[in-house]
Amino acid sequence: MKFRVDEDVCIGCGMCAATEPDVFEMNDNGVAQAHAEAEGAQIESAQSAMDGCPVGAISEE
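All residue numbers here refer to positions counted from 1 along the written sequence of the relevant chain. Where local features are concerned, this predicted model is filtered to residues with pLDDT of at least 70; where side-chain atom pairs are given and counted, the filter is 80 or more; whole-chain, interface and lining totals use all residues. Excluded from the side-chain calculation are hydrogens and water; included are all heavy atoms of the structure.

Section: the side chain of N27
Move 1: Note on conventions: DSSP H or I runs of at least 4 residues are helices, E runs of at least 2 residues are strands, and numbering of each starts at the N terminus. Along the chain, N27 falls in the loop between β2 (24-26) and β3 (32-34).
Move 2: Classification of residues uses two cut-offs on accessible area relative to the type maximum, computed with a 1.4 Å probe and protein chains only: under 20% is buried, over 50% is exposed, and between them is partly exposed. Under the relative-accessibility criterion, N27 is labelled buried at 15%.
Move 3: N or O atoms closer than or at 3.5 Å make up a polar contact, with two conditions inside protein: a donor-capable atom paired with an acceptor-capable one, and, for residues adjacent in sequence, both atoms drawn from side chains. Within the structure, the side chain of N27 is placed 3.4 Å from the side chain of E7, a separation counted as a polar contact.
Move 4: Contacts are residue-level and defined by heavy atoms, with any inter-residue pair within 4.5 Å sufficient. Other than its neighbours up to four places away in sequence, N27 contacts E7, A32 and Q33.

Now the structure itself:
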């Protein structure tokens, strides 16, 4: 499953990267990006990261 981070909305809190580092990472601009597709157990934790984003910057593609 693919996720997308809207870098214009992201505030760089890092919660998503801490929750699912195999899918999300912080980039050089200090905001999150989805760097891999979620598979298996990663899907549930990536969805938790999406649901927990304080500004709603993460969406499913």
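From this point, things continue past the structure.
Focus on the environment of G40
Move 1: Of note, G40 is situated in the loop between β3 and α2 (41-52).
Move 2: Owing to a relative accessible area of 56%, G40 belongs among the exposed residues under this scheme.
Move 3: Remark: the alpha-carbon pair of G40 and M26, spanning 14 residues in sequence, is separated by 22 Å.

Re the packing of aromatic side chains
Move 1: By convention, a stacked pair of Phe, Tyr or Trp rings (six-membered ring in the case of Trp) has centres within 6.5 Å and planes under 30 degrees apart, an edge-to-face pair has planes over 60 apart, and any other such pair is tilted. According to the stated counting rule, one finds one aromatic pair in the structure shown.
Move 2: Their ring planes at 65 degrees and their centres at 5.9 Å tell us that F3 and F24 sit as a pair that is edge-to-face. With a gap of 21 residues between them, F3 in strand β1 (residues 3-5) and F24 in strand β2 connect regions that are remote in the sequence.
Move 3: Classification of F3 by relative accessible area gives buried; the value is 5%.
Move 4: Under the relative-accessibility criterion, F24 is labelled buried at 1%.

Regarding the side chain of E20
Move 1: In this structure, E20 sits in the loop between α1 (15-19) and β2.
Move 2: In summary, the charge assignment counts Lys and Arg as positive and Asp and Glu as negative, without counting His or the chain termini. When a carboxyl oxygen of Asp or Glu lies within 4 Å of a side-chain nitrogen of Lys or Arg, that pair is called a salt bridge. For the buried E20, no salt bridge exists, and the shortest N-O distance to an oppositely charged side chain is 16 Å, to K2.
Move 3: Setting aside its immediate chain neighbours within four residues, E20 contacts Q42, S45 and A46.

Brief notes about α2
Given 3.6 residues per helical turn, the α-helix brings residues three or four places apart onto the same face.
Move 1: Expected span of a helix: the number of residues minus one, times 1.5 Å. Over its twelve residues, α2 extends 17 Å from the first C-alpha to the last, a length consistent with the 16 Å expected when each residue adds 1.5 Å.
Move 2: Listing the buried residues of α2 in full gives S45, A46, A49 and M50. For α2, the buried positions fall inside an angular range of 150 degrees around the axis, keeping them on one side. Of the exposed residues in α2, those oriented more than 90 degrees away from the buried face are A41, E44 and D51.
Move 3: Against β1, α1, β2 and β4 (58-60) lie the buried residues of α2. Directions from the helix axis toward the C-beta atoms define the arc.

So far we have only geometry, and geometry alone does not tell us how the molecule works.
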